[in-house]
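# Breakdown of the fold
Take a look at the letters that make up each chain.
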Amino acid sequence: MLELARAGEWDALIERQSGYLQLADQLRQLDKEAELNQAEVQLKADLLEAILADDLAIREQLLARRNELGQLMGTSRRQRDLHRSYGKQAASVVEARDKFDPETP
């Protein structure tokens, strides 16, 4: 899932997450019945640590994507508002501004 997030494969990530959640439910049920020795408990802890690290990295990728989409929506909204107010001239103004100053809201 982390590789999908890093590659920006958002649809595939969502599909994979669905299967992941089903497997997590199955593991919870099996975990209630399992009796683990010390080595198995340590392995389980190591695996959970790795899963949590990947989960954090995925969340960071998703936050970056959300911010990117927010910026795109803001630009689109500004273009729409300007076009409504000033017609076709406004779109070229927004495009020119974004080329020269993409950080300006």
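Residues numbered from 1 in each chain as written. Predicted model: local features only at pLDDT ≥ 70, side-chain atom pairs only at ≥ 80, totals over all residues. Heavy atoms only, no water.

Here the focus is the pattern of salt bridges. For the structure on display, the rule yields five salt bridges. The partner of Glu3 in a salt bridge is Arg6, and the shortest N-O contact between them spans 3.3 Å. Of this pair, Glu3 and Arg6 both sit in helix α1 (residues 2-7), three residues apart, which is roughly one turn of the helix. One exposure class covers both Glu3 and Arg6, and it is exposed. With its nearest N and O atoms 2.4 Å apart, the salt bridge here joins Asp25 to Arg28. (Salt bridge = Lys/Arg side-chain N within 4 Å of Asp/Glu carboxyl O. Helix = DSSP H or I, 4+ residues; strand = E, 2+ residues; numbered from the N terminus. Buried < 20%, exposed > 50% of the residue type's maximum accessible area, 1.4 Å probe, protein only.)

Counting six residues, the largest nonpolar core consists of Leu2, Leu4, Ala5, Leu13, Ala57 and Ile58. The set of elements that each furnish at least two residues to this core consists of α1 and α3 (38-86). Looking at which element gives the most residues to this core, the answer is α1, with three residues. Among all residues touching Leu4, those that are not within four sequence positions of it are Glu9, Ala12, Leu13 and Arg16. (Core = buried A, V, L, I, M, F, W, Y, C linked by side-chain atoms within 4.5 Å. Contact = heavy atoms within 4.5 Å.)

For an α-helix the count is 3.6 residues per turn, leaving residues at separations of three or four pointing the same way. Under the 1.5 Å per step criterion, the end-to-end length of α3 is 71 Å for 49 residues, consistent within 8% with the ideal 72 Å. Residues Ala57, Ile58, Gly74 and Thr75 constitute the buried set of α3. Following α3 by one or two positions, Gly87 adopts a phi angle in the positive range, close to 85°. (Expected span 1.5 Å × (residues − 1).)

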